[in-house]
Amino acid sequence: MAEFWFYQLQRRTLEQALPALIELALKRGWRAVVQCRAPERLAAIDDLLWTYDEESFLPHGSQSDGDPDLQAVWLTCGDDNPNGARIRFLIDGAEAGPFVGSDYERLILLFDGRDEASLAAAREQWRLLRQSGATLSYWQETDEGGWRKQG
């Protein structure tokens, strides 16, 4: 059964934190899906993964690229998992509910703890997932830029 990990950003932006988390997943040998809610945001994440580091990039693709089975990281606005990912990153309020009982290893919900609307949406998702009996973990960003499990 999938574990749902909530990551509360406190110091960094999503654009600063997401590539490092994807890198960690790939080092574990997992394929990943990144899901957002809007096509414009999908295009921005696409650009980010090519340019976030002058010396590196994260190979990835989306429906417009095709060949999902060749993509270690798949970008989508839907519930699809065409690359057989073991981990899914839910950003910008993408809903976690459809993945309760899924065969993912982990679902990561990233949210901005400095934004009241984002924080409220994450709390609501936590509440709904808890009611469904999902396994939940909460991680808060530290002053050093790492992550500390809470509770």
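Since the structure is predicted, the reported quantities are computational estimates derived from the model, not experimental observations.

Participant: What is the right way to look at the nonpolar core in this model?
Facilitator: Buried together is how nonpolar side chains tend to be arranged in soluble globular proteins. L18, I22, V34, I45, F89 and L110 are the most contacted members of the largest nonpolar core, which totals 26 residues. If you list the elements that add at least two residues to this core, you get β1 (3-9), α1 (14-27), β2 (32-35), α2 (39-51), β4 (73-76), β5 (87-90) and β6 (106-112). Not counting chain neighbours up to four residues away, the residues in contact with L18 comprise V34, I45, F89 and L110.

Participant: Help me out: how do you make sense of the side chain of S102 in this one?
Facilitator: Tracing the sequence through the fold places S102 in the loop between β5 and β6. You can call S102 buried: its relative accessible area is 16%. A distance of 2.8 Å separates a polar atom in the side chain of S102 from the backbone oxygen of F99. Among residues more than four places away in sequence, those in contact with S102 are M1, A2 and L107.

Participant: I'm lost on the state of the cysteines in this one. Help?
Facilitator: One covalent bond between the sulfur atoms of two cysteine residues makes up a disulfide. What the rule picks out here adds up to zero disulfides. The thiol of C36 is not disulfide-bonded; the next cysteine sulfur, from C77, is found 4.0 Å away. Judged by its relative accessible area of 2%, C36 falls in the buried class.

Participant: How should I be thinking about the packing of aromatic side chains in this particular structure?
Facilitator: Both the distance between ring centres and the angle between the ring planes are used here to describe each pair of aromatic rings. If you walk through the whole model with that rule in mind, you get eight aromatic pairs. Plain terms: the ring middles of F6 and F111 are 6.5 Å apart, the flat faces sit at 70 degrees to each other, and that makes the pair edge-to-face. Taken together, the residues span a long stretch of sequence, with F6 in strand β1 and F111 in strand β6 at a distance of 105 residues. You can call F6 buried: its relative accessible area is 1%. Ring geometry for F99 and Y104: centres 5.8 Å apart, planes at 85 degrees, overall edge-to-face. Of the residues examined, F99 reaches a relative accessible area of 4% and is grouped as buried. Among the residues examined, Y104 registers a relative accessible area of 5% and is labelled buried.

Here is what the cut-offs are and how they apply
- Residues numbered from 1 in each chain as written.
- Predicted model: local features only at pLDDT ≥ 70, side-chain atom pairs only at ≥ 80, totals over all residues.
- Heavy atoms only, no water.
- Core = buried A, V, L, I, M, F, W, Y, C linked by side-chain atoms within 4.5 Å.
- Buried < 20%, exposed > 50% of the residue type's maximum accessible area, 1.4 Å probe, protein only.
- Helix = DSSP H or I, 4+ residues; strand = E, 2+ residues; numbered from the N terminus.
- Contact = heavy atoms within 4.5 Å.
- Polar contact = N/O pair within 3.5 Å; in protein donor to acceptor, adjacent residues only side chain to side chain.
- Disulfide = S-S within 2.5 Å.
- Phe/Tyr/Trp six-rings, centres within 6.5 Å; stacked < 30°, edge-to-face > 60°.

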